[in-house]
There are 2 protein chains.
Amino acid sequence: MPDVAVPPSADEQRLYDRVAGHVARLIEQGTLRPGDRIPSVRRMRGQMSVSLSTVTHAYRLLESRGLIEARPKSGYFVRDAAIRVPLPPKASRSNIRPLRVNVARLSRRLQDVLASPEVVKLGAAVPDIELFPTQRLNRLFSQMLRRFPDLGHRYDVPLGYPPLRKEIARRMIDAGAEVAPADIVTTSGASEAVYLALHAALQPGDTVAVESPTYFGILDKLETLGLKAIEVASDPQTGVDVDAIERLAEEKRIQAAVIIANFNNPLGCRMPDAAKRRLVEIMSQHQLPLIEDDIFGELHFDSGVRPNALKAFDRDGIVLYCCSFSKTISPGMRVGWCAPGIYLESFLQAKIALNPAVSIAMQSAVAKYLEIGGFDLHLRRLRRTLQDRARQMAYSVHQHFPEETRATAPQGGQVLWLELPRGFDSVQLFEEAAERNISVAPGVLFSPGDRFRNFVRLNCAIQASDRVEQAIIELGRLAKRQLAT
Amino acid sequence: MPDVAVPPSADEQRLYDRVAGHVARLIEQGTLRPGDRIPSVRRMRGQMSVSLSTVTHAYRLLESRGLIEARPKSGYFVRDAAIRVPLPPKASRSNIRPLRVNVARLSRRLQDVLASPEVVKLGAAVPDIELFPTQRLNRLFSQMLRRFPDLGHRYDVPLGYPPLRKEIARRMIDAGAEVAPADIVTTSGASEAVYLALHAALQPGDTVAVESPTYFGILDKLETLGLKAIEVASDPQTGVDVDAIERLAEEKRIQAAVIIANFNNPLGCRMPDAAKRRLVEIMSQHQLPLIEDDIFGELHFDSGVRPNALKAFDRDGIVLYCCSFSKTISPGMRVGWCAPGIYLESFLQAKIALNPAVSIAMQSAVAKYLEIGGFDLHLRRLRRTLQDRARQMAYSVHQHFPEETRATAPQGGQVLWLELPRGFDSVQLFEEAAERNISVAPGVLFSPGDRFRNFVRLNCAIQASDRVEQAIIELGRLAKRQLAT
């Protein structure tokens, strides 16, 4: 594939995505089978109402990912290997030993690598900035500055900016949760929300059940708060093993659980509603706090409705629901929230001690954006794009990584979770890749017990540009080399 | 004094302040003595280049504060009582018993009262919004949105926005501290900076030396982090007793100290340079971290240069210097920082765990404001205004509070600290005042050991409007009534 001197614009990239995604779906659904001729460039131009060069570029992308192949004078054909989707990783097992967490150093090292502007950000979990409604937000922001010039310069009240809390309460209905604005506390991102939730509901030395694997940002917080973790078996399709949590609760081995029920990071799976309901009932019955991180809840791939939150099943107020707009509206605006249920008072006390005020300017711009609409339309486009990108990256991994590599088929969210053969060291891959300006998140980050050393998490929310494709090829090469030695 | 139907504008209020402050200074310096006739309204109009009505209004303010009195047909005269400045409170004593802190509940109650838009905010430590350069900041903000539309929507790097760290490093030279941009970490306000500094340098159960009294925002953090506090004797003129800290360090009773060397909140005093130097040397010698809160450092009242920070004397990197722009540029923008010295690495790890990113939009607007100048001019005006307001509020307290009331003569900052007779209960005053939509900060908030129950902190950075004057009169009445029963 020739180097493109001028990188394509965000709009162009979106068009490539659309065409390539369309063809990939046709192949995945079996409409196009190995050996089938795919529609000609001209025909596809008409079908998709795009330019010839867009189709040509999209087909080249599919070709470089090993999905299709060009045959001289005949056109493009589906490759034999195309439908061999990677197998999913195996389910993990529980380990009832409480563990001290020790991921902060490696987590900091990852942040360091990600801080370089040159690095390919496969180690993050964030889409290209072009996917966010930045122009619209900036317009709303400028309007706010003109109409209420003082507003953004005042100290906020501890609960947070009231109009935003109202909009959040309205959105939470879609997640099945009825929460009043007075039961919502805004925070500086979901990270602060989860930290304060853990702080509000637990004492140092307490033990918390976590999914295995779980997001290292959660483990980081357990470590810094002096909490211990118990890893609970999790399935890449259905999430955490509720029976295992029930046993831990009955045996009084845990004082809380932290769960990403919608699109676990890194597994990308969604817990079924029945499992969600049972989990909440178990925690409720044992009067244990359940901290929910629902940051990817709006980013479901199937065409259906937004999945229920655990909070939807919370009759007794034991769920501390944490979320933010960092994955849907803007990572940089730092607007998150918590609905801490019966822990509201201690949550507020912790917030006042730590950082009593969130920027009103940011909160008011987000509130206005939610209020005047456009969010749902934006979400529909975003979900489709993320789904296409996840699928394309899975293909790309399948093409370039060692043959034995397994990969999740995420049901939502922004990451792909790869399992390499036993003995593979993803920390070594991480360091070798960093030298080549490529970031990945090594698997050990997702476990307090040094599990998942042969796993890697990839950000599949970034545009599959030539640069990203080259990075995947390079990662595959490094992985193969390591396995060969 | 007649009710004014239309409240004066911010510019008008500033003019009243200027004229009233000028006359108050003449009285305080002894240029005008009790019984002296003060310049006529017409003459003052010429001297100050203001309107007749401005002078009239300013003279009425001075009259209502008991500084001057009108004599029919003769003009205004300095009252006999005018120069009886309240005596300062007595110095506190040390208590070497480590105490668990328990102020969060009352601190939350104060935040609750302050959250009401109707309340007179004498319980806060923040000036009227009119004193901040909001228009200029908003212009810079809008420019930034136009020129770099994506910038504010990206995740920040852990250290913080580089151009801002460069500007901060430049400003810290004025505080005598040479710190490289790479040794500065930006935070969401000074509150987060102090929290992370304590977290980075200490373990739960450790004991920290604090000034007696000290800011409840610090005590709140000790409480939430499971740290104990030892109260160290402090003098309302010279600050903390360094000998006492030396003994505590020698006897290994403390693992750190948190000090507000420049304009202790609530005392308003500044530690002499010699004491600052010795304190840093002592802590350094015992290899103990010294957390400095310098949020009021730029707000010195005397005309001289900005006072040195403790950080200026820090040869070994043991000072974790915390500051923000919330008291000088904008409370709502939530931009603070820490220069954590040798604790940089653990500070960063804690920041990444808690809230890895600060809003780049806010940081870039502040950086631009610092870069293109105007900050120093703004600071000169702000200091003068704050000094005038502090003096006026002291007069007002002297006029309306029980005769035995003592008050600090702050050397900088934004608060006044009042001592009422023994047995007086400021928590009762707090609750009675709250019912009347007036907030004050009760003295017990400033001690882990239930000290200062007969003390009250007042925000002296707000405009001495009729409403504020009425609030002081009401507080004085409530205090007298309580003492009479």
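Residues numbered from 1 in each chain as written. Chains lettered and ligands numbered in written order. Predicted model: local features only at pLDDT ≥ 70, side-chain atom pairs only at ≥ 80, totals over all residues. Heavy atoms only, no water.

Under the convention used in this document: UniProt positions are given in the numbering used here, feature names are shortened, and annotations may be inferred rather than shown by experiment.
Chain A is annotated in an unreviewed UniProt entry as Transcriptional regulator, GntR family/aminotransferase class-I of Blastopirellula marina DSM 3645. Turning to chain A, the UniProt record has this under Sequence similarities (unreviewed entry): "In the C-terminal section; belongs to the class-I pyridoxal-phosphate-dependent aminotransferase family."

## Thoughts on the relation of the copies chain A and chain B
Two copies of a chain can be linked by a rotation about an axis combined with a shift along that same axis. Going by this rule: C-alpha atoms of residues with pLDDT of at least 70 in both copies form the basis for the least-squares superposition of the copies. By the convention used here, residues are in contact when the closest approach between their heavy atoms is within 4.5 Å.
Aligned on chain B, chain A shows an RMSD of 0.1 Å; the corresponding rotation is 180° and the shift along the axis is 0.0 Å. This pairing of chains is accounted for by a two-fold axis. Relative to the rotation axis, the C-alpha of serine 142 of chain A is the closest in chain A, positioned 3.1 Å from it. Here 100% of the interface residues in chain A have copies in chain B that are interface residues too; the copies meet face to matching face.

## Let's talk about the sheet that holds strand 16 (residues 441-442) of chain A
Residue and element names in this part refer to chain A. Definition in use: Any two strands between which DSSP finds at least two bridges are classified as paired. Each helix is a run of DSSP H or I of at least 4 residues and each strand a run of E of at least 2, with the numbering of both proceeding from the N terminus. Under this scheme, a helix contributes an axis fitted over its contacting stretch, all axes are lines through C-alpha atoms, and angles between N-to-C directions fall in the 0 to 180 degree range.
An order of 13-14-17-16 is seen for the 4 strands of this open sheet, with the pairing classed as antiparallel. Two strands lie at the open edges of the sheet, namely strand 13 (406-407) and strand 16, each paired on one side alone. Looking at chain direction, strand 13 and strand 14 (residues 415-419) are connected through 2 bridges and run antiparallel. Paired with alanine 407 across the strands is leucine 418, a residue of strand 14. Strands strand 14 and strand 17 (455-459) of the sheet are contacted by helix 13 (residues 375-400), whose axis makes an angle of about 25° with strand 14.

## Observations concerning the packing of aromatic side chains
Inclusion rule: For this analysis, a ring pair means two rings from Phe, Tyr or Trp (six-membered ring only for Trp) whose centres lie within 6.5 Å, classed as stacked if their planes differ by under 30 degrees, edge-to-face if by over 60, and tilted for the remaining angles. When a residue's accessible area, from a 1.4 Å probe over protein chains only, is under 20% of the maximum for its type it is buried; when over 50% it is exposed; and in between it is partly exposed. Criterion for a charge above a ring: Arg CZ or Lys NZ at most 6 Å from the ring centre, at most 35 degrees from the ring normal.
Applying the stated rule across the entire model yields 24 aromatic pairs over all chains. Judged by centre distance (5.0 Å) and plane angle (50°), the rings of tyrosine 215 of chain B and phenylalanine 216 of chain B are tilted. Their ring planes at 25° and their centres at 4.9 Å tell us that tryptophan 417 of chain B and phenylalanine 455 of chain B sit as a pair that is stacked. Of this pair, tryptophan 417 of chain B sits in strand 14 (residues 415-419) while phenylalanine 455 of chain B sits in strand 17 (residues 455-459), placing them 38 residues apart in sequence. As far as burial versus exposure is concerned, tryptophan 417 of chain B and phenylalanine 455 of chain B are alike and both buried. Grouped by ring-pair contacts, the aromatic residues Tyr215, Phe216, Trp417, Phe446, Phe452 and Phe455 of chain A constitute a single cluster. Directly above the aromatic system of phenylalanine 77 of chain A lies the positively charged group of arginine 71 of chain A, at a separation of 4.1 Å from the ring centroid.

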